[in-house]
Amino acid sequence: MKIELRHIHKHFGPVHANDDITLTIPSGSIFGLLGENGAGKSTLMKILSGYFHPDAGEIRVNGSPVVLHSPADAIRFGIGMLHQDPMDFPPMRVIDNFMVGYPEGLTLPRAAARAALESISARFGFTLDPDAFVGSLTVGERQQLEIARLLWLGAQVLIFDEPTTGISAQQKEKLFAALRRLAEAGKTVIFVTHKLEEVQILCDQVAVLRAGKVVGQTRAPYDLDALVRMMFGKAVSKGQRTSAPLGDVVLQIKRLAVEDIRLRIAGVNLEVREGEVIGLAGMEGSGQRHLLRACAGLVRPVEGEIWVDGENLTGKGYHEFMRRGVAYVPAARLEEGLVPTLTLMEHVILADEQRGLVIDRQTALEKTRDRIATFNIRGRPNLPVESLSGGNQQRALLALLRPGLRLILMEHPTRGLDMESAIWVWETLKRRCREERTAIFFMSSDLEEILHYSDRILVFFSGQVSEPIPAEGTTTEQLGQLIGGRGFPSGKEVQP
Amino acid sequence: MTDRRTGFLFMLLAVLVALIFTSLVLVIAGASPVAAYWYILKGSLGSWTNFANVMVAWVPLLLATSGLLITFAAGLWNIGIEGQIVLGGIFTTWVLRLLQHSAMSPALILILAIAAGAIGGALWSVLAGVLKVYGGVNEIFGGLGLDFVAVALTLWLIFGPWKRPGIGSMSGTEPFPEKLWLPTVAGSRLSLWALLLGLIGAAVVYFLLSGTYFGLKLKAVGKNPRAAHLLGIPTTAYLMSAFLLSGLFAGLAGAVQVTAVYHRLIPAISSGYGWLGLMVSMLINFQPAWVAPVTLFFAILNIGSIQLPIVLKLDSSLSGVLQGALVLSFLLMAGARQRWQEKHGQEVSRE
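Residues numbered from 1 in each chain as written. Chains lettered and ligands numbered in written order. Predicted model: local features only at pLDDT ≥ 70, side-chain atom pairs only at ≥ 80, totals over all residues.

## Focus: the domain arrangement of chain A
It is common to report an interface's size as the accessible area lost on association of the parts. As a reminder of what qualifies: Domain limits in this description derive from either an automatic procedure or a database domain assignment.
Domain boundaries in chain A define domain 1 (3-232), domain 2 (237-325 + 403-496) and domain 3 (340-401). Summarising the inter-unit geometry, the C-alpha centres of domain 1 of chain A and domain 3 of chain A are found 34 Å apart.

Shown next as structure tokens:
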């Protein structure tokens, strides 16, 4: 099915999110939509999938204009979208979730649905247990379910909005294989991303968006530097690997064991020094988060000890760790990091040291303006945090970290950020390492990020933790193999 | 159009909708709406005595609503407020009964009794808090349960241990001697002490929620306890202090009902001010600045409609209809306003 977008405009208040966008998307191939955070990619795709209504412009399906009032409307025309955050029903069983949105009849066609799910799974290599609960699936499997559901509803056009955010390398391989099969089957596949390498390995052609406008279109093979210039309007690079000089030991982990119902990690020994950056690599759910949380006092270890600056803090709560200069930055910004409905300024007040009982709003306002400028946040002091874009929320989180911290623990410091923002985030973090001798302990599913910014790396494989590996001299391939289980004692290899 | 002006327009619209709805009810009941509204005004503001009565009703409603805003700030629905007012009344009565024949000065006895009322309300509220925080009982269910227990406790006291000489009756316990009444303005039932207490209470809550670290942290806990924890706020302590303070204000309301209005414990000691306070809180969208004027308006409606059965042969519950209609139409208009803003792409910012 051929999709044409003609002169699409969309405003949000003063922001011109889509500015006269005209694109033609052919069927039977994978069409990339590339752009940095806030370029207007998601908005455009939400318009195409009936989620938003454009202020002006026209959508044509196979040459004839259509008006889409809702996502249900869009799927009737054969257009379906996988959103950035899975829009499914965790408490439901796979088969029930699969039938959600099925338009006809009073009774559910359970047997037919089961058969359809099986045949779609077989065709695209999905591994879905119809009776499992959606909440127990991995993000990759939830995507498979959503793809299957849309196909069953008759989708000819499938839009994927940043589908590789938060899934492992293996899951990504599987997803890409499925996308290629979809394109071979004659579907129109639209792939929204801010990652160049994904465009390079997957997309037949790509359109680049910047500040709401289409700034270029090109076909494979790509000139990556040209794409970067289109995305940002200038050349951008990560720069050289740098390391801060190491100082005294900040964090000591001795024979630590942490567990929950699913997983146990044990026997972790590590010393982290001032200025040092340690990256935790591994497939999602291999225990990295457990270790990070234990080092912040958010999870109580079952064995072993945690020392901060020569003091045994084992079994103490997070607030005790905070008083010693430990800070935890979660990945779920609006769920754990920020308080929705409170303003940026109110966050600055809360994060700062309390002085007296009454808030000095004037000082707070100046401080907030100052942080907004320093951290390059696009937003105003009295704006509720949830109205900031994802990248600006991440900047806000960093802006809330007090100066002079001893140890920063981070989950996915740059998840969902475009290259320029990610580079900027690490610049501010590295500056803390150099100037304030802060140690950083972070987990990420981005191997390049781990290799580029860490001094040493811990690899996690289903609850086992490797000895620290120097990042310098390790290649992405080597790290990828370690994550897959090579070299671990019980080293059975995970098949991709 | 500016944010503020659209807000005002929608508010006006809400009042209009409520008036039209109530007028319709009146027409169906066979009464003239204009006459009814006129008598409400006359019955509440028509004379000094009537206005003094409005103030008498205003004080406990003001206290209860102020307290509720604290729990609402912490994201809690303190449905147990009715029971907390009742417990305030019971504790006050208890101390007055203990000390009424003692040689202590009446002023001191009254102060002790009112303080006891505050403690009683706070205890009942903290109980709901303990049930929530340590027992996993949602505060709505816990509070509702405790409301019923509180009413049952009142009835048991009135018909049991504290019954009037001879036989207990629905008219309540034996009235206290006049020296243990909060002094009133000559010729009226209004106590300036109670009024002062109410005004100070409302001012304290306004200040607490809009200007202090405590208020801001409470809001953070209410909106996102997990993020609040990571920001270093002891969430459990804040939840419990919200319960405690809210109950304290409710208990004061109960104490005022006993010492300034009824001078004894009666079965309906709370007069439903807890429920009314919940309605007001929703109506004003939990904004502390609006508590005093809107509770005053509700008190006017309550007192004004007392006249209606006599002059228009209407039930005095008409004020309830009007109050309910107001709350609903305000909530409706808040929703309508949000949709209007989304459609017109106005940025939602908070000043």
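## Thoughts on the sheet that holds strand β7 (residues 157-161) of chain A
Residues and elements named next belong to chain A. Where we set the bar: Pairing between two strands is assigned when DSSP locates at least 2 bridges connecting them. Going along the chain from the N terminus, every DSSP run of H or I of four or more residues is numbered as a helix, and every run of E of two or more is numbered as a strand. Note on geometry: axes are lines fitted to C-alpha atoms, helical ones only across the stretch in contact, with angles between N-to-C directions running from 0 to 180 degrees.
Reading across the sheet, the six strands line up as β6-β7-β8-β3-β9-β10 and stay open at both edges, with mixed pairing between neighbours. Lying at the two open borders of the sheet, with one neighbouring strand each, are β6 (79-82) and β10 (213-219). In this sheet, adjacent strand axes meet at a mean angle of 20 degrees when their direction is disregarded. Relative to strand β8 (residues 188-193), β7 runs parallel, the two sharing five bridges.

## As for helix α12 (residues 291-304) of chain B
All names here are of chain B. In plain terms, the rule: By this rule, a helix spans an expected 1.5 Å times one less than how many residues it contains. Residues with at least 20 other C-beta atoms within 10 Å of their own are called buried, those with 12 or fewer are called exposed, and the rest are partly exposed. The C-beta atoms themselves are positioned from the backbone. A pair of residues counts as a contact when their C-beta atoms, built from backbone coordinates, are separated by no more than 7 Å.
Taking 1.5 Å of rise per residue, 14 residues should cover 20 Å, and α12 covers 20 Å from first to last C-alpha, within 8% of that figure. For α12, the tally of buried residues reaches ten of 14 residues, placing the bulk of the element in the interior. Every buried residue of α12 is listed here: V291, V294, T295, F298, A299, I300, L301, N302, I303 and G304. Buried residues along α12 sit in contact with α2 (33-45), α3 (48-73), α7 (192-211), α11 (273-283) and α14 (318-343).

## What about the nonpolar core?
Rules: Working definition: the nonpolar core is a set of buried Ala, Val, Leu, Ile, Met, Phe, Trp, Tyr and Cys residues, joined through C-beta atoms within 7 Å.
C295(A), L409(A), F441(A), A64(B), L252(B) and V256(B) are the most contacted members of the largest nonpolar core, which has 180 residues in total. Take this core: its biggest share by element is 16 residues, from helix α10 (residues 235-262) of chain B. The residues that make up this core include at least three from each of domain 2 (237-325 + 403-496) and domain 3 (340-401) of chain A. In this structure, V256(B) is in contact with V59(B), P60(B), L63(B), A194(B), L197(B) and V261(B), ignoring residues within four places of it in sequence. By size, the runner-up hydrophobic cluster in this structure holds 58 residues, among which are V61(A), I147(A), L158(A) and L202(A).

## What to know about the interface of chain A and chain B
To keep it simple, the criterion reads: Put simply, Ala, Val, Leu, Ile, Met, Phe, Trp, Tyr, Cys and Pro go in the nonpolar bin, Asp, Glu, Lys and Arg in the charged bin, and everything else, Gly too, in the polar bin.
Opposite the 29 residues of chain A that make contact, chain B presents 25 residues. Contributing elements (two or more residues each) for the side of chain A that touches chain B: β1 (3-12), α10 (318-323), α11 (333-337) and α12 (344-351) of chain A. With four residues, α12(A) is the largest single contributor of residues to the side of chain A that touches chain B. The residue inventory of the side of chain A that touches chain B, partitioned by class, reads 17 nonpolar, nine polar and three charged.

## Focus: the sheet that holds strand β15 (residues 311-312) of chain A
All names here are of chain A. Spatial ordering of the open sheet is given by β12-β11-β14-β15, a layout of four strands whose pairing is antiparallel. Looking at the sheet topology across the chains shown, the edges are occupied by β12 (264-273) and β15. Where strand β14 (residues 303-308) and β15 come together, two bridges link them in antiparallel fashion. Within β15, the position partnered with V308 by the bridge is E311. Packed onto the sheet, helix α9 (residues 288-295) meets β11 (249-259), β12 and β14 and runs at close to 125 degrees relative to β11.

## So, the pairing of strand β3 (residues 30-34) of chain A
All names here are of chain A. Of all the five residues making up β3, five are buried; the element is thus mostly covered by neighbouring parts of the structure. Side chains of β3 alternate between two faces, with I30, G32 and L34 and F31 and L33 buried alike. Here β3 pairs with β8 via five bridges, running parallel. Paired with G32 across the bridge in β8 is F191. Direction of pairing for β3 relative to strand β9 (residues 205-210): parallel, over a ladder of four bridges. Looking at β9, one finds that L34 is bridged to V208.

## With respect to the confidence of the model for chain B
All names here are of chain B. Just so we agree on the cut-off: Every residue carries a pLDDT, the predictor's confidence in it, which falls somewhere between 0 and 100.
Here chain B shows a mean pLDDT of 90. Residues at 70 or above account for 97%. Helix α13 (residues 308-312) is the least confidently modelled element of chain B, averaging 79 in pLDDT, while helix α4 (residues 81-99) averages 97, the highest of any element. Low pLDDT, under 50, characterises residues 346-351; the predicted model gives this stretch twelve contacts beyond four residues in sequence or across chains.

## Digging into the environment of L62(B)
All names here are of chain B. Topologically, L62 is positioned in helix α3. Given 32 C-beta atoms within 10 Å, L62 falls into the buried group. Along the primary structure L62 and L197 are separated by 135 residues, whereas in three dimensions their C-alpha atoms are 9.9 Å apart. With residues near it in sequence (within four places) discarded, L62 still touches G198, G201, A202, V291, A292 and T295.

## Some details on helix α5 (residues 139-152) of chain A
An α-helix turns once per 3.6 residues; consequently, residues spaced three or four apart project the same way. All names here are of chain A. The first and last C-alpha atoms of α5 sit 20 Å apart over 14 residues, in line with the 20 Å expected at 1.5 Å per residue. Counting buried residues in α5 gives twelve out of 14 residues, a clear majority hidden from the surface. Of all the residues in α5, the buried ones are G140, E141, R142, Q143, Q144, L145, E146, I147, A148, R149, L150 and L151. On its buried face, α5 is in contact with β6, α3 (94-99), α4 (110-124), β7 and α6 (169-184). Count one or two residues on from α5 and you reach G154, which has phi positive near 95 degrees.

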